Amino acid sequence: MAGLAWSNKDSKSRVLTMQRPQFAWLATALCLYAAAGHAQMSILPPQCAGKTGDALDKCAREIMPPQRSQRVEPIEQKIDPKQLINCETVHAADQSFCILRNQIILECRKRQKHPDLEKCLANALAGATVPPVANCTPLAPVKKNECFRRNKVYKDCFTGPLRYFICLGEKMSALNAPAASPKKP
């Protein structure tokens, strides 16, 4: 470090001191920092200059009152089929496939071994077997209905093994949703 030097005035204390080139750099940095702070303060409207805290807040709100938006549409999130799934939350009949799917995704994410993620996933999941029909008899009534809904749609969803759990959720919720009643004119 060119600008730093150890000062050994007495044997008990060693002090790190700055030499002049380092001090000049530090002084320049401090001046630039202060100028940046002043530049931020200069964006205030003239009638709010010198005010702080609640007074500044009130002044800024009086100048530009909040405006209500016309209509806000929520953006539907797209679920990434390459996301890992918590296999403890899926039905027991789907757990072995879920674990296999997660292992394949983790393996295919290794870019050095598999540069083409999509190709790796397609090849690895091509040999996956369809999860079995779930045994719904020992389940509680609430879980039994969910199990029956799963059994109705699970084979249709396995056409795309990577999207299997997304499809299963969509189709099961569609079965659970009440049928839309026709609107009267």
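See the structure printed just above.
Throughout, a residue's number is its position along its own chain's written sequence, starting from 1. Selection of residues for local features in this predicted model requires a pLDDT of at least 70, selection of side-chain atom pairs for listing and counting requires 80 or more, and totals for whole chains, interfaces and linings are taken over all residues. The side-chain values count all of the structure's non-hydrogen atoms but skip hydrogen atoms and water molecules.

J.: Just give me the short version of the state of the cysteines, but keep the residues and values in it.
T.: Working definition: a disulfide is two cysteine sulfur atoms within 2.5 Å of each other. Using the criterion set out here, one finds five disulfides in the structure. Residue pairing for Cys87: its cysteine sulfur links by disulfide to Cys98, the two sulfurs lying 2.1 Å apart. Across the disulfide from Cys87 to Cys98, rotation about the S-S bond amounts to roughly -85°, and the bridge is consequently left-handed. Taken together, the positions of Cys87 in the loop between helix 2 (53-63) and helix 3 (95-108) and Cys98 in helix 3 put the pair 11 residues apart, joining distant regions of the chain. Accessibility here uses a 1.4 Å probe with only protein chains present; expressed as a share of the type maximum, an area under 20% marks a residue as buried, one over 50% as exposed, and anything in between as partly exposed. By relative accessible area, which is 12% here, Cys87 ends up buried. Residue Cys157 pairs covalently with Cys167 via a disulfide, S to S 2.2 Å. Since a negative S-S torsion denotes a left-handed disulfide, the Cys157-Cys167 link at about -70° is left-handed. Pair noted here: Cys157 is in helix 5 (residues 141-157) and Cys167 is in helix 6 (residues 164-176), with a separation of 10 residues, a long-range link. Secondary structure elements follow DSSP: runs of H or I of four or more residues count as helices, runs of E of two or more count as strands, with numbering from the N terminus.

J.: Tell me about the pattern of salt bridges, and name the residues and values.
T.: Basic side-chain nitrogens of Lys or Arg form a salt bridge, by our definition, when they fall within 4 Å of a carboxyl oxygen of Asp or Glu. Scanning the entire structure with this criterion turns up five salt bridges. The partner of Asp57 in a salt bridge is Arg61, and the shortest N-O contact between them spans 3.1 Å. Linking Asp57 with Arg61, this pair stays in helix 2, spanning four residues, or about one helical turn. Classification of Asp57 as partly exposed rests on a relative accessible area of 37%. In the salt-bridge network here, residues are joined through shared partners; they are Glu107, Lys110 and Lys113.

J.: Provide a residue-level description of the nonpolar core, including the pertinent values.
T.: Core analysis: the biggest nonpolar cluster contains 22 residues, and Phe97, Cys108, Leu121, Tyr164, Phe165 and Leu168 have the highest contact counts within it. Only helix 3, helix 4 (117-126), helix 5 and helix 6 provide two or more residues apiece to this core. We call two residues in contact whenever any of their non-hydrogen atoms come within 4.5 Å of each other. Those residues within four positions of Leu168 in sequence are excluded, and the remaining contacts are Asp94, Arg150, Val153, Tyr154 and Cys157. Here, nonpolar core refers to any group of buried Ala, Val, Leu, Ile, Met, Phe, Trp, Tyr and Cys residues whose side-chain atoms link them within 4.5 Å.

J.: Which residues make up the environment of Ser173, and what are the values?
T.: Mapped onto the elements, Ser173 comes out in helix 6. The exposure class assigned to Ser173 is partly exposed, which follows from its relative accessible area of 45%. Each C-alpha atom, one on Ser173 and one on Arg149, is 9.0 Å from the other, the two residues being 24 residues apart in sequence. A polar contact of 2.9 Å, which involves the side chain of Ser173, links it to the backbone oxygen of Glu170. The term polar contact refers here to a pair of N or O atoms within 3.5 Å; inside protein, the definition further demands a hydrogen-donor-capable atom paired with an acceptor-capable atom, and it admits residues adjacent in sequence only when both atoms are side-chain atoms.

J.: Any details on the packing of helix 3 against helix 4? Residues and values, ideally.
T.: Note on geometry: axes are lines fitted to C-alpha atoms, helical ones only across the stretch in contact, with angles between N-to-C directions running from 0 to 180 degrees. The N-to-C vectors of helix 3 and helix 4 enclose an angle of 150°; their axes lie 9 Å apart at closest approach. Helix 4 is crossed by helix 3, and the crossing has right-handed handedness. Contacts between helix 3 and helix 4 pair Phe97, Ile104, Ile105 and Cys108 from the former with Leu117, Cys120, Leu121, Ala124 and Leu125 from the latter. Under the convention adopted here, Pro, Cys and the residues Ala, Val, Leu, Ile, Met, Phe, Trp and Tyr are nonpolar, Asp, Glu, Lys and Arg are charged, and Gly plus all remaining residues are polar. Taken together, the residues of the contact of helix 3 with helix 4 break down into nine nonpolar, no polar and no charged. By the definition used in this description, the sense in which the near helix is turned from the far one sets the handedness, with an anticlockwise turn below a right angle giving left-handed and a clockwise turn giving right-handed.

J.: So what about the side chain of Arg150? Which residues, and what values?
T.: The residue Arg150 is located in helix 5 in this model. Take Arg150: its relative accessible area is 2%, and that puts it in the buried class. Contact partners of Arg150, with chain neighbours within four places excluded, come to His91, Ala93, Asp94, Pro131, Pro132, Val133, Ala134, Tyr164, Leu168 and Met172.

Function cannot be inferred from these measures alone, as they are strictly geometric.
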